[in-house]
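Here's the letter readout for the chains.
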Amino acid sequence: MDERYNPRIIEEKWQKVWAENNFHKTEIDRTKPEYYVLEMFPYPSGNLHMGHVRNYSIGDVIARFHKMRGYSVLHPMGWDAFGMPAENAAIKHGIHPAEWTWKNIANMRDQQNRMGLSYDWEREVATCHPEYYRWTQWLFLLFYERGLAYKKKAAVNWCPDCATVLANEQVIEGKCWRCDSVVIKQDLEQWFFKITAYADRLLADLKELKGWPERVKIMQENWIGRSEGTEFSFTVKETGDQIPVYTTRIDTVFGVSYVVLAPEHPLVEKLTQGTAYEEPARAFVQKMQSLNELSRTSTETEKEGLPIGVRAVNPFNGEEIPILIANYVLMDYGTGAVMGVPAHDQRDFEFAAKYKLPVKPVVQPADADNSSVLTAAYEDKGKLVASGEFTGMDNEAAKAAMTKWLEAKGRGKLRVNYRLRDWLVSRQRYWGVPIPIIYCAHCGVVPVPAEQLPVLLPEKVSFAPGAKSPLATVDEFVNVTCPVCGAAARRETDTMDTFICSSWYYYRYTSPRSTTAPFEAQEADHWLPVDQYIGGIEHAILHLLYSRFFTKILKDAGLTKVNEPFRNLLTQGMVIKDGAKMSKSKGNVVSPEEIIAKYGADTARLFILFAAPPERDLEWSDQGVEGAYRFFNRLWRLVHYYAPHLNGSGKPVGDKLNKTDKELRRIHHTTVRKVTDDISGRFNFNTAISSIMELVNAIYGYKEKAATPNIPVVRAAIRDIVLLLAPFAPHITEELWAAAGGQGSVHRQLWPVADEAALKAEEVEIVVQINGKVRDKIVVPAGLGAPQMEEQVHQLDRIKELTEGKQIVKVITVPDKLVNIVVK
RNA sequence: GCCCGGGUGGUGGAAUGGCAGACACAAGGGACUUAAAAUCCCUCGGGGGCAACUCCGUGCCGGUUCGAGUCCGGCCCCGGGCACCA
């Protein structure tokens, strides 16, 4: 063993050994329990950043730990390789997206290997590979067959910068999730996935996800946004048209003083046609449509409306009320029309105040006083007033009674509504999966037959973005013969949202080279669900919701038995420097390359796991890295010092141990237990590492104290340190394992188990309190009974002194911990 | 506005209701060295005291308890998510 720790040499050496032996190949041993650990696969931007380093370090510890614990572990890696940066690079630098992407993949894979990560590269997948996207297309067709992929013309979110449409989930505060541009609405014919058909199951099955952070489940719950209410119709007096409305407050229906339609509501044009309201209404609608999503839906925006000259009849009391159009009613939620109840809905209240519409209170609070004028809507519980036959009822009871009344008359019904919208999956971009659909003048929409998949991306394309997909400019791609009738037809030229690619990759890993199916059911059902999934909180809704949706469809189609794809989810915090997220614009980026070059991968990994628990944000500290490096040097020197005595299997730890030996042995086994608990239970790698440091410190202390060291005791402690550290620092521990006389690779050893007998201390220090304040300490034999403890405590001079002349009210004893004397 | 997290030394962070501050970083002092680096040892929440010791201290106010960073109620601040969702 070298005298000095040289990470550069040993890391290169072991990485070579592992690569040459295909060391991280997935072990197929069905006698062992299986464990699937997965880190969210990256977009191949070209370089790893510290967030990746954190993500992969966490995953690698979990993977290696489970291998040492006797599991057969699946730990794969791949590439979410379609997406716009590749196209932007093409536009900017004239390099083909494919070339750019594959080069980046090669570079990042190399960086991952230099981190010493235990991936089974035989299972690598890249979503831009034709053998992968072939199956993405196959799944699209499966969705299509099952009626879950459909086309519709709709006002869609358009990002002018990306020149493409976005799903609702990808619009954050009215802005594009990728580039932050303000999103506008456009009417386009687009492909959608019917995720709303699964809203109820996506919501209900959140309960199954015991291993998910509460807040992620809450975010999904809010996103799905289930509400229970009543749907019923108003009749337009002049034309007899029905206006269905949805309300969660049917109990306030006697307080309705107007009906509002969304500007885009289909009835608007019909009702105003040929009237004096036609022009103003059209102008109003146009004005609303020109506004972007952000200003249109903000609560800050002032409510604006316009009467359209017709009246609606309230089915409950026959009252005639005005119909208006207004900006605060949205076409794509509920029915696109609402009943206006200013007395009991704050939005309606504000609107009514502005347009001088009547306010009719129909729900009265228990402590009602009729004298005061309402200054805000009353939205709480109460008793119904002025509500015909329902007057006097409790408002909650009235909801049920009124809905029943409607049902009996066939004029309305109970309805569950969701905030969730269908997933818009078309993208007008080149670097994505072509949608495998053909349009034929005779046969209509024709899916590409499965045996003709993949529909390959043409290589020679002009990438300039526009309202149409770049694929539309490639004649050889567009022009095709109809698979049904053989007539000339044209291909769909949009590509798929890349979130489709990443919604099923964890299935592909289980049989990555299958040429007969997206994945083999037997393999998938063996490995899935993923036992531990690790990634950033930013995917709490998008990726995780889509993946859950995919899994449910795959289950319904009989392709898998799995109901939920990710059993346990760990959401890691961000890596921060100088109080802000690392970013180029802030100039606070620390590159993993540099750190690894300077200190080695083991140090980078140890620091990032030591500096904070994984769920919290982590403040980067150059001195902290230095500290991790110092620890390895300190450990190296310790092993080097004892190395001449550590060879061979050695004599077992005998029974002739002195006090110092026993104390070291106790710390040693306490550490084994603590590290095991910290890794397996709560992923507190920081405290696991700190207890290993304490053990190292304890051996240094032992080295000073013990005149003649008990070599078997030291050897056992050092070997276990190396084993406990192996998942964190895979390179140095290989080296130290050999130096400590270990046979074979440290990563093929079994995880150590704490010896219960060694854990027990013979003596313990207990705290003596008076009225809860520590007044003395005393060393007693471990396990001493309460009466004996008390007796010893009362003999202490200091306690005698302090309790003198006082009345002892009671004494609390906690074995091996404390005695508390309560005095008056 | 609503819904989640989180507030502990100079810093990152530890603490099944039982000694607050483990471990580490920074800082200060010392040893070794011609010197420096590296390494090793000591100090390190605040106040008072020569000292033994003592008082205060986990965002704020109150409560439960022999005992509260931890449990309960109310509030303040910070971070995140959602937001005309009828």
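Structure: see above.
Residues numbered from 1 in each chain as written. Chains lettered and ligands numbered in written order. Predicted model: local features only at pLDDT ≥ 70, side-chain atom pairs only at ≥ 80, totals over all residues. Heavy atoms only, no water.

### Some words on the protein's contact with RNA strand B
Part 1 of the reasoning: With respect to spatial proximity, 55 residues lie near RNA strand B, and among them T248, K303, R347, R419 and R798 are the closest.
Part 2 of the reasoning: Counted by atom, the contact set of RNA strand B within 4 Å of the protein is 66% sugar and phosphate.
Part 3 of the reasoning: Taking Y328, its main chain carries an N or O atom lying 3.0 Å from a sugar or linking oxygen of RNA strand B.
Part 4 of the reasoning: Interatomic distance of 2.5 Å between a side-chain N/O atom of N820 and a base oxygen of RNA strand B.
Part 5 of the reasoning: Of the residues forming the surface near RNA strand B, the biggest block, six residues, is contributed by helix α22 (residues 685-705). (Near = heavy atom within 4 Å. Polar contact = N/O pair within 3.5 Å; in protein donor to acceptor, adjacent residues only side chain to side chain. Helix = DSSP H or I, 4+ residues; strand = E, 2+ residues; numbered from the N terminus.)

### A few points about the packing of aromatic side chains
Part 1 of the reasoning: Tallying each qualifying case throughout the model produces 52 aromatic pairs.
Part 2 of the reasoning: Look at W423 and Y546: their rings are 3.5 Å apart centre to centre, the planes differ by 0°, and that puts the pair in the stacked class. With W423 in strand β19 (residues 423-424) and Y546 in helix α17 (residues 542-556), this pair connects stretches of sequence that are 123 residues apart.
Part 3 of the reasoning: On the basis of relative accessible area, W423 is assigned to the buried category, the value being 0%.
Part 4 of the reasoning: Classification of Y546 by relative accessible area gives buried; the value is 0%.
Part 5 of the reasoning: Counting every residue linked through ring pairs, the aromatic cluster contains F140, F143, Y144, W177, W191, F193, Y198, W423, F499, Y546, F549 and F550.
Part 6 of the reasoning: One Lys or Arg, R419, reaches over the ring of W223 and ends 4.3 Å from the middle of that ring.
Part 7 of the reasoning: Above the plane of the ring of Y641 lies K703, whose end atom (NZ or CZ) is 4.4 Å from the centre. (Phe/Tyr/Trp six-rings, centres within 6.5 Å; stacked < 30°, edge-to-face > 60°. Buried < 20%, exposed > 50% of the residue type's maximum accessible area, 1.4 Å probe, protein only. Lys NZ or Arg CZ within 6 Å of the ring centre and 35° of its normal.)

### Overview of helix α21 (residues 659-682)
Part 1 of the reasoning: Helix length check: α21 (24 residues) gives 33 Å between terminal C-alpha atoms against 34 Å at 1.5 Å per residue, within 8%.
Part 2 of the reasoning: Along α21, the residues classified as buried are D661, L664, R665, H668, H669, T671, V672, V675, T676, D678 and I679.
Part 3 of the reasoning: Where α21 begins, the capping side chain belongs to N658, and its oxygen is found 3.0 Å from the backbone nitrogen of T660.
Part 4 of the reasoning: The positive-phi residue at the C-terminal boundary of α21 is F683, with phi of around 55°. (Expected span 1.5 Å × (residues − 1).)

### Brief notes about the pairing of strand β32 (residues 773-781)
Part 1 of the reasoning: As defined by bridge partners, strand β31 (residues 763-770) adjoins β32 across eight bridges and the pair is classed as antiparallel. Looking at the pairing, I770 lines up with K773 of β32.
Part 2 of the reasoning: Between β31 and β32, which pair antiparallel one after the other, the connecting turn spans two residues, and N771 there sits at a positive phi close to 50°. (Pairing = 2+ DSSP bridges.)

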